[in-house]
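Working through the structure, step by step
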Amino acid sequence: MATETPTLDRKALDRLVQSIERDIARELYDGAVVLLAHRGTVAFHEAIGFAERASGRRARKDDVFCLFSVTKTLTAATVLARIDRGEITLTTPVGEIIPEFAVRGKQRVTIANLLSHTGGMSSGFPAVPPEQIGDLAAVVAAVCEHPLEARPGSRVRYSPLTAHAVLAEIVRRLDGGRRPYRQILAEDFLRPLGMKDTALGMRPDLATRRVPVVVRDRTKGLFDAAVLEGFNELLQESTEIPGGGAVSTVSDVFRWAEMLRRGGELDGVRVLSPAIVDLATTNQTGTMGNDLFDYAREMYGWGDFPAYLGLSFFLRGEGTFPTWFGLTASPRTFGGIGAGSTLFWVDPARELTFVCLTAGLLEEGRSAERFGRLSDLAIAALG
């Protein structure tokens, strides 16, 4: 990555910090670790507020957060790498790799459908006991028995956990079943990219720096607060939740984002081809809306707008509507978001990378407003 110091507007960065500090003072959330980089060089990296308000523990730059759905971008990359190798294609039916999946109307679901949330998979949690949510084999078995909720390709029906569990199982089977999925992710991506503080599940060496999951905004909305806070106990070393169970630091998420910004390569290590990264970060869902946010259209008065999903990446797209990435972001801006608390994006036109991981979860609609506001403040610093 570049080493020269970029010139950003210090006053604009101060406004970004002040906005977060006001939010924390109002107890909207508890704290944040934020990073902004231009052309690969970090210009701003700050820890603000609390990692745990109840104990008075202040936020630190090396805090370890549950990434929630940002994890989907990690899982997607392990699938995209197998496409690069020619082992599968986007049009490969899932049933070719997992034969027991191809029942109850799921015969035509493709890998592209799962990656773009157009496979008609369940928008709920897997039909397993809560203690088995982190058991990949149990979740995949339950998903295989579940019927479709929509015809493949007809709707964007965001799948919080089920689609990416199946994608991870595809990778595991292509690998010959020799390694657990969490080991594949670590050995094929995290270690080569120098992401030493990232894991699927909670490694013991990271546990002392973990930021507890606390739902600060108890508004009844997209996710149940008790389910989200249950991740505090659920995430153990062997837990495998490919749709939402990775943990990481802001610095490691920045390395991940930079690899993507650079077309699949970082510090001389290539893990994806430029072509597959470009495809994964373009609109794969056309003008279809995202069913996940039907509730927010009623709850917050949101209008209709396209889902703008790539292959597991959220996109800025075009138009004026609620966006986590900020209304001033360029249309090709892409990234990941997670459960009212985590976000990264890359604006390729401006060569900006932004990471913001927060303590104290907001309801998702309010989190969209918060991250959109902070993203626009970060973009304004480029001057």
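Here, every reference points to the structure presented above.
The numbering scheme is per chain: residues are counted from 1 as the chain's sequence reads. Where local features are concerned, this predicted model is filtered to residues with pLDDT of at least 70; where side-chain atom pairs are given and counted, the filter is 80 or more; whole-chain, interface and lining totals use all residues. Excluded from the side-chain calculations are hydrogens and water; all other atoms, namely the structure's heavy atoms, are used.

What follows is about the sheet that holds strand S4 (residues 65-66). Any two strands are treated as partners once DSSP identifies two or more bridges connecting them. Secondary structure elements are defined from DSSP: runs of H or I of at least 4 residues count as helices, runs of E of at least 2 residues count as strands, and each element is numbered from the N terminus. Taking strand neighbours across the sheet as the criterion, the 3 strands line up as S4-S6-S5 in an open arrangement whose pairing is antiparallel. Looking along the sheet, the strands with just one partner apiece sit at the ends: S4 and strand S5 (199-200). Pairing of S5 with strand S6 (residues 246-248) involves 2 bridges; the strand directions are antiparallel. Across the sheet, residue Leu 200 finds its bridge partner in S6, namely Ala 246.

The term salt bridge refers to a pairing of a side-chain nitrogen on Lys or Arg with a carboxyl oxygen on Asp or Glu at a separation within 4 Å. Summed over the entire model, instances satisfying the criterion amount to 36 salt bridges. A salt bridge links Arg 373 to Asp 23; its shortest N-O distance comes to 3.2 Å. In this pair, Arg 373 sits in helix H13 (residues 364-380) while Asp 23 sits in helix H1 (residues 10-25), placing the two residues 350 residues apart along the sequence. Taking the relative accessible area as the measure of exposure, Asp 23 reaches 3% and is therefore buried. Taken together, the shared-partner salt bridges in this structure form one network comprising Arg 82, Arg 85, Glu 87, Asp 175, Arg 178, Arg 179, Glu 187, Asp 188 and Arg 191. A 1.4 Å probe rolled over the protein chains alone gives each residue an accessible area, and that area as a share of the maximum for its type sets the label: buried under 20%, exposed over 50%, partly exposed in between.

Before going further, it helps to examine the sheet that holds strand S2 (residues 41-52). Read from one edge of the open sheet, 7 strands run S3-S2-S1-S12-S11-S10-S9, paired in antiparallel fashion. Edge strands, defined here as strands with exactly one partner in the open sheet, are strand S3 (57-58) and strand S9 (314-315). As judged from the 2 bridges shared by S2 and S3, these two strands associate in the antiparallel manner. Looking across to S3, one finds that Glu 52 is bridged to Arg 57.

As a further point, take the packing of aromatic side chains. Working definition: a ring pair exists when centres of Phe, Tyr or Trp rings (six-membered ring for Trp) sit within 6.5 Å. Plane angles under 30 degrees give stacked, over 60 give edge-to-face, the rest tilted. Considering all chains together, one arrives at 13 aromatic pairs under this definition. A ring pair is formed by Phe 68 and Phe 231, whose centres lie 5.1 Å apart and whose planes are at 55°; its orientation type is tilted. Taken together, the residues Phe 68 in the loop between S4 and helix H2 (71-84) and Phe 231 in helix H9 (residues 231-234) connect sequence positions 163 residues apart. A single burial state applies to Phe 68 and to Phe 231, both of which are buried. Measuring from ring centre to ring centre gives 5.8 Å for Phe 293 and Trp 302, while their planes differ by 50°; the resulting arrangement is tilted. For Phe 293, a relative accessible area of 4% translates into the label buried. On the basis of relative accessibility, which here comes to 12%, the residue Trp 302 falls in the buried class. One aromatic cluster in this structure is built from Tyr 158, Phe 293, Tyr 300, Trp 302, Phe 305, Tyr 308, Phe 314, Phe 321 and Trp 324. In this analysis the charged atom, NZ for Lys or CZ for Arg, is taken to sit over a ring once it is within 6 Å of the ring centre and within 35 degrees of the ring normal. Seen from the ring of Phe 101, Lys 106 lies directly overhead, with NZ or CZ sitting 5.1 Å from the centre. The lysine or arginine in question, Arg 370, covers the ring of Tyr 29, its NZ or CZ lying 4.5 Å from the ring centre.

In this section: the environment of Arg 261. Relative to the assigned elements, Arg 261 resides in helix H10 (residues 250-261). Considering only alpha carbons, one finds Arg 261 and Pro 348, 87 residues apart in sequence, at a separation of 6.7 Å. Apart from the residues lying within four places of it in its own chain, the contact partners of Arg 261 are Arg 39, Gly 40, Phe 334, Val 346, Glu 351 and Thr 353. The definition of a polar contact used here is a pair of N or O atoms within 3.5 Å, where within protein one atom must be able to donate a hydrogen and the other to accept one, and adjacent residues in sequence count solely through side-chain atom pairs. Separated by 2.8 Å, the side chains of Arg 261 and Glu 258 make a polar contact. Residue contacts are defined here by distance: any two heavy atoms, one from each residue, within 4.5 Å place the two residues in contact.

Distances and angles like these do not, on their own, reveal function.
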